[in-house]
Amino acid sequence: MNCDQHMTNEGAFVRVPAFVDLHVHFREPGFPEKETIASGARAAAAGGYRAVCMMPNTRPVIDSVETLLAVDWLGREANVTGVSVLAAAAMTMGQAGDRLTGLAAMDVAGTRCKTLTGHGVCGVSEDGKTLENPYLMEEICRQAARLGLALMDHAEPEVETIRRDIALAQRTGARIHIQHVSLAESVRLLREAKAAGALVTCETAPHYIALTSEALREMGANAKMNPPLASEDDRLALIEGLRDGTIDCIATDHAPHEAAAKEGPAWQAANGIVGLETAFPVCYTVLVRGGYLTLDDLVCLMAIRPAEIIGLPPPGDLEDPAGSYVLLDLETEYEIDKNTFRSKGRNTPFHGMSVYGRVMQTVIDNRVVYAATMNPATTLRST
Ligand SMILES: [Zn+2]
């Protein structure tokens, strides 16, 4: 992996650039009982993030300048956390799949994203769905290419859709970013496509590299998400994809739900798990302590590459007093406790997991926006 050194030591802790998450679901407007933009931003700050891309499947859907600006205003309100909440535009009106949104108008809207990246939205996505109409998909790809926006695709069924998207990227010049890759065959296809020069990028999520479908048996609905957890062979192929640069970044697909949505039999429960407050420790423990990646590689996957994909300015020099960085405790083992989450969601398969890599402090633009000791529910446990 080609990524420069991005860490300095600071006492017992390590300082790395703050993270960027290309894939979160903050449920406002529409479902504030699951998550508000403010609670989501607090969870992001606690996870070490400086910016997140919020997917458009809210109610109403982010399919107009009006809704985009309303969401952006809520994001600015939540900016007490310092986290930039950037919204992705939907591909079709109401995500109904039959009429394209006015992407060009949303791209010039005066949002926080516009200030940071030059674009009113951080990308265009029908997240949660795949736009199947080939004519509309081709047209939205051409529009995204003209505007220079990343087209983020929730590819489902995964392998067939990735095949289609690779061909579309080659034909239309669109930069297509495949969301939450979960299967070995997908990694193989994307590796080949990149070698052939296709403008595709992709992400996987911490749960696909830490867990397999076995977890569903043990944890039920809290291990249920879309795409579902796969096999050990898939998990190892994803790790290989992270190692050789086929997979560009790690995104959480943070999908909070209230407790009731996860009750009852798993087959009836809602899809999705929260991820912002567990991503770094889970990835650090599995990938770095597991011997697959260096800390630098992981920082590249969580902080550097995702910023590049959406054109967010780099985090700046770690010594820069106006910088955005995270202080990490890499030496002390602790147990993930969902009751300490800033997110409203407690739907995690990682509750009780022993990990390393606690986020001790998040600094954004030279302001401490999160400190582990600020949270009375957080107690350090030395081992
Ligand atoms: Zn999603």
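Owing to the predicted nature of the structure, the values given are computational and were not obtained by experimental measurement.

Participant: Quick question: what am I supposed to make of the sheet that holds strand 1 (residues 8–10) here?
Facilitator: Note: strands within a sheet are paired through backbone hydrogen bonds, in either parallel or antiparallel orientation. The strand order across the open sheet built from five strands is 1-2-11-14-15, with neighbouring strands paired in antiparallel fashion. What marks the edges here is a single partner per strand, and that holds for strand 1 and strand 15 (367–371). Pairwise comparison of adjacent strand axes, ignoring direction, gives a mean angle of 30° for this sheet.

Participant: I'm lost on the sheet that holds strand 3 (residues 19–24) in this one. Help?
Facilitator: The parallel open sheet is built from three strands, whose spatial order is 3-4-5. Here the strands that pair on one side only, and so sit at the sheet edges, are strand 3 and strand 5 (84–87). For this sheet, the mean inter-axis angle between neighbouring strands, taken without regard to orientation, is 20°. Two strands pair when backbone bridges link them, and strand 3 and strand 4 (residues 49–54) are joined in this way by four bridges, in the parallel orientation. Residue pairing for strand 4: phenylalanine 19 is matched across the bridge by tyrosine 49. The sheet strands contacting helix 1 (residues 37–47) are strand 3, strand 4 and strand 5, and the helix crosses strand 4 at an angle near 135°.

Participant: What's the story with the packing of aromatic side chains in this structure? I'm lost.
Facilitator: Think of a pair of aromatic rings as described by two things: how far the centres are apart, and how the planes are tilted against each other in angle. A complete count under the given rule lists three aromatic pairs for this structure. Ring geometry for phenylalanine 19 versus tyrosine 49: centroids 5.6 Å apart, planes at 70°, classification edge-to-face. With phenylalanine 19 in strand 3 and tyrosine 49 in strand 4, this residue pair connects regions lying 30 residues apart in the sequence. Residue phenylalanine 19 shares its accessibility class with tyrosine 49, and that shared class is buried. Measuring from centroid to centroid gives 5.6 Å for phenylalanine 280 and tyrosine 284, while their planes differ by 20°, and the two rings are stacked. Pair noted here: phenylalanine 280 and tyrosine 284 are both in helix 11 (residues 279–288), with a separation of four residues, about one helical turn. Look at tyrosine 284 and you get buried, because its relative accessible area is 8%. Taken together, Phe19, Tyr49, Phe280 and Tyr284 form an aromatic cluster joined through their ring pairs. Here the basic side chain of arginine 15 rests over the ring of tyrosine 325, its NZ or CZ set 3.9 Å away from the ring centre. A cation over an aromatic ring shows up here: arginine 358 above the ring of tyrosine 334, its NZ or CZ 4.1 Å from the ring centre.

Participant: How should I be thinking about the packing of helix 11 against helix 12 (residues 295–310) in this particular structure?
Facilitator: In a packed pair of helices, the relevant descriptors are the angle between the two axes and the axis-to-axis distance. Between helix 11 and helix 12, the least distance of the axes is 10 Å, while the angle of their chain directions is 140°. What the angle tells us is that helix 11 and helix 12 run oblique. As helix 11 packs across helix 12, the resulting crossing turns out to be right-handed. Where helix 11 approaches helix 12, its residues Ala279, Phe280, Cys283, Tyr284, Leu287 and Val288 are matched on the opposing element by Leu295, Leu298 and Met302. Here the contact of helix 11 with helix 12 is composed, by residue class, of nine nonpolar, no polar and no charged.

Participant: What's the story with the nonpolar core in this structure? I'm lost.
Facilitator: One finds Val52, Ile140, Leu151, Ile176, Phe280, Leu287 and Leu298 to be the most contacted residues of the largest nonpolar core, which totals 104 residues. In this view, phenylalanine 280 contacts Phe19, Leu295, Leu298, Met302, Leu328, Leu330 and Gly357; residues no more than four positions away in its chain are not counted.

Cut-offs and rules
Residues numbered from 1 in each chain as written. Predicted model: local features only at pLDDT ≥ 70, side-chain atom pairs only at ≥ 80, totals over all residues. Heavy atoms only, no water. Pairing = 2+ DSSP bridges. Helix = DSSP H or I, 4+ residues; strand = E, 2+ residues; numbered from the N terminus. Axes fitted to C-alpha atoms, helices over the stretch in contact; angles between N-to-C directions. Contact = heavy atoms within 4.5 Å. Phe/Tyr/Trp six-rings, centres within 6.5 Å; stacked < 30°, edge-to-face > 60°. Buried < 20%, exposed > 50% of the residue type's maximum accessible area, 1.4 Å probe, protein only. Lys NZ or Arg CZ within 6 Å of the ring centre and 35° of its normal. Parallel < 35°, antiparallel > 145°, perpendicular 65-115°, else oblique. Left-handed = near helix turned anticlockwise from the far one by under 90°. Nonpolar A, V, L, I, M, F, W, Y, C, P; charged D, E, K, R; others polar. Core = buried A, V, L, I, M, F, W, Y, C linked by side-chain atoms within 4.5 Å.

So, to be careful, I would describe these as geometric facts and stop short of saying anything about function.
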